[in-house]
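Chain and residue survey
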Amino acid sequence: VLGDEGATMAVLALYDGRRQRYLDPGDPARAFLDDAAFERVAALDAEHDAVVVIVHVLGELRDHTRDRWEAWAERLVEVGADAIVVHGTHVVLPAAFIDHPDEDRAIPIAWGLGNFVTDMGRDARPWRRGRDLPKTQSPRVRESLLARLELRAGGALEMRFVAAWMNDD
């Protein structure tokens, strides 16, 4: 929880990897994106001015979202998320808004921030484009967004981005 009394923002980090079977379901080191997580978001929403949900996905080098991601993002908005930041794609995906079903407002979501500090694209050059390049040669892994979330007076949450490019690993 960040901020001062009367202006607090809760940040919750979740993991959307359970369906991939890479982890044991009872692994206590992970906060899975499951029913308990949605209940936690709703509880945080009742206690704080804003709730930011950060979700790690297994979607390396994807160039679009998955239907499953869009479904849980809509559900997160329904239970009280005020902003959603997704990472794990290692490439920049679009930022968008999800309309809140019960309120007249749109919730910002960043579907992929790319890489900020990495050596994934060590052989990549800006002029190399192509979807079939391995990650060490794709310039897309050198692009990134830095997300800045600011809680404004009255509880409004604003999300802004700064674009970045890693020139040399």
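So, here is what we can say about the structure in this document. (Residues numbered from 1 in each chain as written. Predicted model: local features only at pLDDT ≥ 70, side-chain atom pairs only at ≥ 80, totals over all residues. Heavy atoms only, no water.)

**Focus: the overall build of the protein**
The helix and strand tally for the protein stands at 2 helices and 8 strands. Its helices and strands in sequence order give the protein the pattern β-β-α-β-α-β-β-β-β-β, from N to C terminus. Among the 169 residues that make up the protein, the fraction classed as buried is 39%. For the protein, contacts bridging at least 24 residues in sequence account for 57% of all contacts bridging at least 6. On the protein, roughly 9700 Å² of surface is accessible, and the fraction owed to carbon and sulfur atoms is 47%. (Helix = DSSP H or I, 4+ residues; strand = E, 2+ residues; numbered from the N terminus. Buried < 20%, exposed > 50% of the residue type's maximum accessible area, 1.4 Å probe, protein only. Contact = heavy atoms within 4.5 Å. Areas by Shrake-Rupley, 256 points an atom, 1.4 Å probe, with all protein chains shown as cover.)

**Some words on the pattern of salt bridges**
Tallied over the entire structure, the rule returns 8 salt bridges. Among the ionic pairs, Arg148 bridges to Glu150, the shortest N-O distance being 3.1 Å. Owing to a relative accessible area of 24%, Glu150 belongs among the partly exposed residues under this scheme. A salt bridge links Glu158 to Arg152; its shortest N-O distance comes to 3.0 Å. Using a relative accessible area of 26% as the deciding quantity, one classes Glu158 as partly exposed. For Arg152, a relative accessible area of 34% translates into the label partly exposed. (Salt bridge = Lys/Arg side-chain N within 4 Å of Asp/Glu carboxyl O.)

**Describing helix α1 (residues 35–47)**
The end-to-end C-alpha distance of α1, which contains 13 residues, comes to 19 Å, matching closely the 18 Å that a straight helix rising 1.5 Å per residue would cover. The secondary structure elements touched by the buried residues of α1 are β2 (7–16), β3 (50–57) and α2 (67–79). (Expected span 1.5 Å × (residues − 1).)

**A few points about the nonpolar core**
The nonpolar side chains of a soluble globular protein tend to be buried with one another. Judged by nonpolar contacts, the single largest core of 25 residues is most densely connected at Leu33, Val53, Trp72, Leu76 and Ile84. Secondary-structure elements contributing two or more residues to this core are β2, α1, β3, α2, β4 (83–87), β5 (92–99) and β6 (106–113). The dominant element in this core, judged by the number of residues it contributes, is α2, at 5 residues. Discounting chain neighbours no more than four positions away, the residues touching Leu76 are Leu33, Phe38, Val41, Val53, Val55, Ala81 and Ile84. Membership of the second largest hydrophobic core comes to 10 residues, among which are Met9, Val52, Ala83 and Leu113. (Core = buried A, V, L, I, M, F, W, Y, C linked by side-chain atoms within 4.5 Å.)

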